[in-house]
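# Close look at the chain arrangement
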Amino acid sequence: MRKFVLVLLLAALLIGTLGGCGLFGDSDLRAYNDLLAEMASLTEYRFSGTMSLSIDPVLFGGVDFAFAGFMPMHLTVEGTASYWSGEVHAAYQMRRADGTVLFDAEMIVHGPTMYVGLVPIMDAMLRPVLLEMGADLSGFSMADDVLGGYAYLAVPHEGDLTDVIFAPPNVTGGLDVGPFLVRQGEAFIVTLTGEDVRAVAVEIGELLVQFIADGAEDEIGDVLGGMTGRLISADMTDARVQVTTSHLGEVFRQIIEMDVPGVLEMEADFSFTAEGVLPVSVPERALTEAELTELMLNLDFGAIFGWAQSGSAGGGSTLTDEITVLYDLAGMNLIGHTLGEGSLLATAALPNGRGGEHAVTIISRGTASAGDDHVFCDADAIGMQYFALTSMDAVEAVLQAVEADRVGYFLLDSRLTASTLRTNSERSLAVMAIAEQTTAGLDRMRIYLAQVVGEDVVRLELELYMNLFGGEDHVVLALLSAHMGVDLGAYVTELLR
């Protein structure tokens, strides 16, 4: 009996020693990693997510950006995903603190095509402008009166499904969570404070981007998309992140709370239910990018609302009426540039829609896409949009783009400053710029360049987000200036004072 008691005492001591060395902690860590691996291996599931988000306006130079008065914002997403069939269906919504809906968006991915719901995007973009112009919107339908019955935009989806899918976030990926992990029943809780929070900054940034519907990016999209850099460089002295992960039946759940003073405060709640999902219903009618571009460029609001003068309610003036034209442009060239090896710029082919093409210059690190008569390049702070047009001169091509942006791009309460439109005596070259300073304190600029090339007109619309500019962006702008023969930086200096 005494021997048996001695064995029990030794066993108790051994268990205490092993527990002190972390054996049971290692068991919890393995169980946690197994749970994350099981979540990551989901191939067909229904998902939902909610996020409450407050962004500190100090990030924007002390001036409240456009959404600051709506904080905390509430974002939701729900839908289905299937790796087996290569399909995703997601519905997004953004609400301000009082529950008012700011934005709705829908995205469908079916094989090689992505469909983006156009009606809510166009409503959010055009309806405030039309109201300001005095339009009577009673009985007005964005789908029928503007989009001709089309409700979706169809764009090629050449990437992997993982590029667009709403997937279980692995916020603690790559981090040794052992010292920060606590288990409470079936829930695993990881709590990080201070400098340890910086280790998950990239993952949190990627999580925020999942709430931006592809094709529906706007000002808040720019803010969320740039949050990773802000988190990485933030003061983490009083920062805190807590991630709670659990699994009950077929439902995986993850709650993420984050507070980084001076940057953001966030609480997100996600659930992923492993189950078979029905095939996605693909839209029968959808516009291509080229068709949408042509539709927008040829919109006649005068005909839609019965105005005497198209483009302005009550026959009032348009932005293009106020532009001064100066015939002093000596030279400019948008095509056929010779680029050195290792340049920050690259060459792309701009189709003219009739079997021909022009060699244009884009940014090598940017994401490029092309259509029948256009090439787009997105390089974060700089966007480039080339179009091949016909039946107009360079001045007309620039003014057409300016008027389209007046209706569909510039924010209603922004301050716009336009440069002189410079051209040559033949009107075969033209360039001008418009600076936009939003009430949020964001500085954006559109620079319009056009050149007659044979029977075509090549038009370049440069989009500059000056608040996001880094050192390389200034170098890129200088290189474009040198190749095109136009000092693009001078427009920034002149108009953004």
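Structure's up top.
Thresholds, definitions, all that
The numbering scheme is per chain: residues are counted from 1 as the chain's sequence reads. At least 70 in pLDDT is required for a residue's local features to be given in this predicted model, at least 80 for side-chain atom pairs to be given and counted, and no such filter applies to totals for whole chains, interfaces and linings, which use all residues. Side-chain figures throughout are based on the complete set of non-hydrogen atoms in the structure, without hydrogens or water. Here's how the labels work: a residue is buried when its accessible area is under 20% of the maximum for its type, exposed when over 50%, partly exposed in between, all with a 1.4 Å probe on protein chains only. Working definition: helices are DSSP H or I runs of at least four residues, strands are E runs of at least two. Numbering for both runs from the N terminus. Strands were regarded as paired on the criterion that DSSP finds at least two bridges between them. The term nonpolar core refers to a set of buried residues drawn from Ala, Val, Leu, Ile, Met, Phe, Trp, Tyr and Cys, joined through side-chain atoms within 4.5 Å. In what follows, a contact means two residues having at least one pair of non-hydrogen atoms within 4.5 Å. To estimate how far a helix should reach, multiply one less than its number of residues by 1.5 Å. Patch membership is restricted to residues that have no salt bridge and whose relative accessible area is over 30%. Joining uses 9 Å for like charges and 5 Å for the nonpolar side chains Val, Leu, Ile, Met, Phe, Trp and Tyr. Under the convention used here, a 1.4 Å probe and the Shrake-Rupley method define accessible areas, while residue burial counts only the protein chains that appear. For salt bridges, the criterion is a side-chain nitrogen of Lys or Arg within 4 Å of an Asp or Glu carboxyl oxygen. Asp and Glu are treated as the negative residues and Lys and Arg as the positive ones, with His and the ends of the chain left uncounted. All charge positions are set by atom: Lys at NZ, Arg at CZ, Asp at CG, Glu at CD. All axes here are fitted lines through C-alpha atoms, helices being fitted over the stretch that makes contact, and every angle between N-to-C directions spans 0 to 180 degrees.

### Some remarks on the pairing of strand 8 (residues 187-193)
- Burial within strand 8 is extensive, with five of its seven residues counted as buried.
- Sheet topology places strand 7 (residues 181-184) next to strand 8; four bridges connect them, and they run antiparallel. Bridged to Val182 within strand 8 is Ile189.
- Hairpin connection between strand 7 and strand 8: a loop of two residues separates the two successive antiparallel strands, and Gly185 in this loop has a positive phi of roughly 65°.

### Thoughts on the nonpolar core
- In this structure, Leu53, Ile204, Leu231, Met258, Leu264 and Met266 are the most contacted members of the largest nonpolar core, which totals 77 residues.
- With sequence-adjacent residues up to four places away left out, Leu264 is seen in contact with Leu53, Ser54, Ile55, Leu208, Met227, Leu231, Met258 and Asp259.
- Formed by 42 residues, the second largest nonpolar core is a distinct cluster that contains Leu334, Val431, Ala435 and Met466.

### Quick notes on helix 10 (residues 394-408)
- Taking 1.5 Å as the rise per residue, helix 10 with 15 residues should run 21 Å; its terminal C-alpha atoms sit 21 Å apart, in good agreement.
- All of the buried residues in helix 10 are Ala394, Val395, Ala397, Val398, Ala401, Val402, Glu403, Asp405, Arg406, Val407 and Gly408.

### Section: a negative patch on the surface
- Taken together, the side chains of Asp235, Asp238, Asp259 and Glu265 define an acidic patch exposed on the protein surface.
- By secondary structure assignment, the location of Asp259 is in strand 10 (residues 251-260).
- Note on Asp259: relative accessible area 32%, which makes it partly exposed.

### Observations concerning unusual backbone geometry
- Backbone geometry at Ser391 places phi at a positive 60°, although glycine is not the residue there.
- By secondary structure assignment, the location of Ser391 is in the loop between strand 17 (382-389) and helix 10.
- Given a relative accessible area of 76%, Ser391 falls into the exposed group.
- In this structure, Arg427 is a non-glycine residue whose phi angle is positive, near 55°.
- The class of Arg427 is partly exposed, set by a relative accessible area of 25%.

### Notes on the side chain of Gln451
- As for its placement among the helices and strands, Gln451 is situated in strand 21 (residues 443-453).
- Ignoring anything within four residues of it in the chain, the contact list for Gln451 reads Met332, Asn333, Leu334, Ile335, Ala394, Ser428, Leu429, Asp456, Val457 and Val458.

### Notes on the pattern of salt bridges
- Here the structure, examined in full by the defined rule, presents 15 salt bridges.
- In this structure, Arg365 and Asp473 form a salt bridge, with 2.5 Å as the shortest nitrogen-oxygen distance. On the criterion of sequence distance, the pair formed by Arg365 in the loop between strand 14 (357-363) and strand 15 (367-370) and Asp473 in helix 11 (residues 471-484) is long-range, its members being 108 residues apart.
- For Asp473, a relative accessible area of 7% corresponds to the buried category.

### Description of the sheet that holds strand 8
- As summarised here, the arrangement of the 11 strands in space is 6-5-4-3-2-1-11-10-9-8-7, forming an open sheet in which the pairing is antiparallel. Of all the strands in the sheet, just strand 6 (152-156) and strand 7 have a single pairing partner and so form its edges. For this sheet the average axis-to-axis angle between neighbouring strands, irrespective of direction, equals 15°.
- As paired strands, strand 1 (residues 44-55) and strand 2 (residues 73-82) are joined by 10 bridges and run antiparallel to one another.

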